[in-house]
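The lines below spell out each chain.
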Amino acid sequence: MPTLPKPTRLLPLLAALAAFALPASGCGTSSADPERGRELFLQKCSGCHGMAEAGSTAQNGPNLDHAFAAARASGQGETTIEGIVEAQVEYPRPSNDNPAVSMPADLVQGQDLDDVAAYVAEYAGVPGIKAPRVPGGPGAQVFASKGCNGCHTLAEANAGGVTGPNLDEVLPGQSAAMIQKSIVDPNADITPGFPPELMPGDYEAQLSPEELEELVAFLAKATAKGGGGSK
C-alpha cells in the first residue's frame, strides 16, 4: 500500500469514517476469515503499514496499531474498526493519481477486503500484541518483520508479493555479498522490468548488522536450489 497520511493526521479521519462506516458495516461480516486476512495483509499491506501482529515495521503509511489504539481504548468494537478499514480501502483519503501519497482505491475487494478488515479489526491496537514466531529461523523473522513479504515472492517464506522482483527467480546463483548489496543499495543493479527507487534505500540503517547478516543468510539458503531452497 503506498503512502497514506501520517497517523497524527489519520486519527480525525478515522473518527469521521467511523460515523460513515457504522451503518454500512451492520453487525460485521460473519463469513470473514481473519487468518486468511493476515496472509493478504502481508502480501498487500505490510510493505507500507506497520502492525505488530503482522510483524511489520514499515513506515510508508500509517502504523495501524497507533491509528486504532485510541479507538479501541475508547470502547470501539471490532465491527466498527472493520467498517473503518473497509471504508478507507474503498475510499482512500487523500485520493489522487500520485501513488506516493495516495493508496489506490480497492486494493483488495470483496471477500478479500472482508478478510483483511476482520484481521485488522481483531489485532490492530491491541495492547501487548506481538507477531507470532515464523518458521525458518531469525533471518525469516527479519524478512517478515520488515515487510519484505509484502513486495516480494519467496516460496520459503510463503510470500507472494508482486511489487518487487520474484526472489526465487533473481537470487539463485548470487553470492551472499551480492544479496547484501541488493538490500543495502537496491538501485545499484536494478532488475529489468522494475523502476528505480522502488525499494527503500535505507535498510542498512533500519537493520542491525546482525539482522542484515541473518537476512542475507536466510535468502541465500532459501534460493540456493532455484527457489524454495530448503523445502
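Residues numbered from 1 in each chain as written. Predicted model: local features only at pLDDT ≥ 70, side-chain atom pairs only at ≥ 80, totals over all residues. Heavy atoms only, no water.

Section: the pattern of salt bridges
Phase 1: One pass over the structure, following the stated rule, counts four salt bridges.
Phase 2: Residues Asp 115 and Arg 36 are paired through a salt bridge, measuring 2.6 Å at the closest nitrogen-oxygen approach. Remark: Arg 36 occurs in helix α2 (residues 34-44) and Asp 115 occurs in helix α5 (residues 110-123); sequence separation between them is 79 residues.
Phase 3: Its relative accessible area of 31% is what places Arg 36 among the partly exposed residues.
Phase 4: For Glu 53, the salt bridge is made with Arg 38, and the minimal N-O distance between the two is 2.8 Å. With a gap of 15 residues between them, Glu 53 in the loop between α2 and α3 (64-73) and Arg 38 in helix α2 connect regions that are remote in the sequence.
Phase 5: Taking the relative accessible area as the measure of exposure, Arg 38 reaches 19% and is therefore buried.
Phase 6: By sharing partners, the salt bridges in this structure join Arg 36, Asp 112 and Asp 115 into a single network. (Salt bridge = Lys/Arg side-chain N within 4 Å of Asp/Glu carboxyl O. Helix = DSSP H or I, 4+ residues; strand = E, 2+ residues; numbered from the N terminus. Buried < 20%, exposed > 50% of the residue type's maximum accessible area, 1.4 Å probe, protein only.)

Focus: the packing of helix α4 (residues 78-90) against α5
How two helices sit against one another is set out by the angle between their axes and by the gap between those axes.
Phase 1: Taken N-terminus to C-terminus, the directions of α4 and α5 make an angle of 130°; their axes are 8 Å apart at the nearest point. Judged by the inter-axis angle, α4 sits oblique to α5. Classified by chirality, the crossing of α5 by α4 is right-handed. From α4, Glu 78, Ile 81, Glu 82, Val 85, Glu 86, Val 89 and Glu 90 reach across to α5, where they touch Leu 113, Asp 114, Ala 117, Ala 118, Val 120, Ala 121 and Glu 122.
Phase 2: Taken together, the residues of the contact of α4 with α5 break down into eight nonpolar, no polar and six charged. (Axes fitted to C-alpha atoms, helices over the stretch in contact; angles between N-to-C directions. Parallel < 35°, antiparallel > 145°, perpendicular 65-115°, else oblique. Left-handed = near helix turned anticlockwise from the far one by under 90°. Contact = heavy atoms within 4.5 Å. Nonpolar A, V, L, I, M, F, W, Y, C, P; charged D, E, K, R; others polar.)

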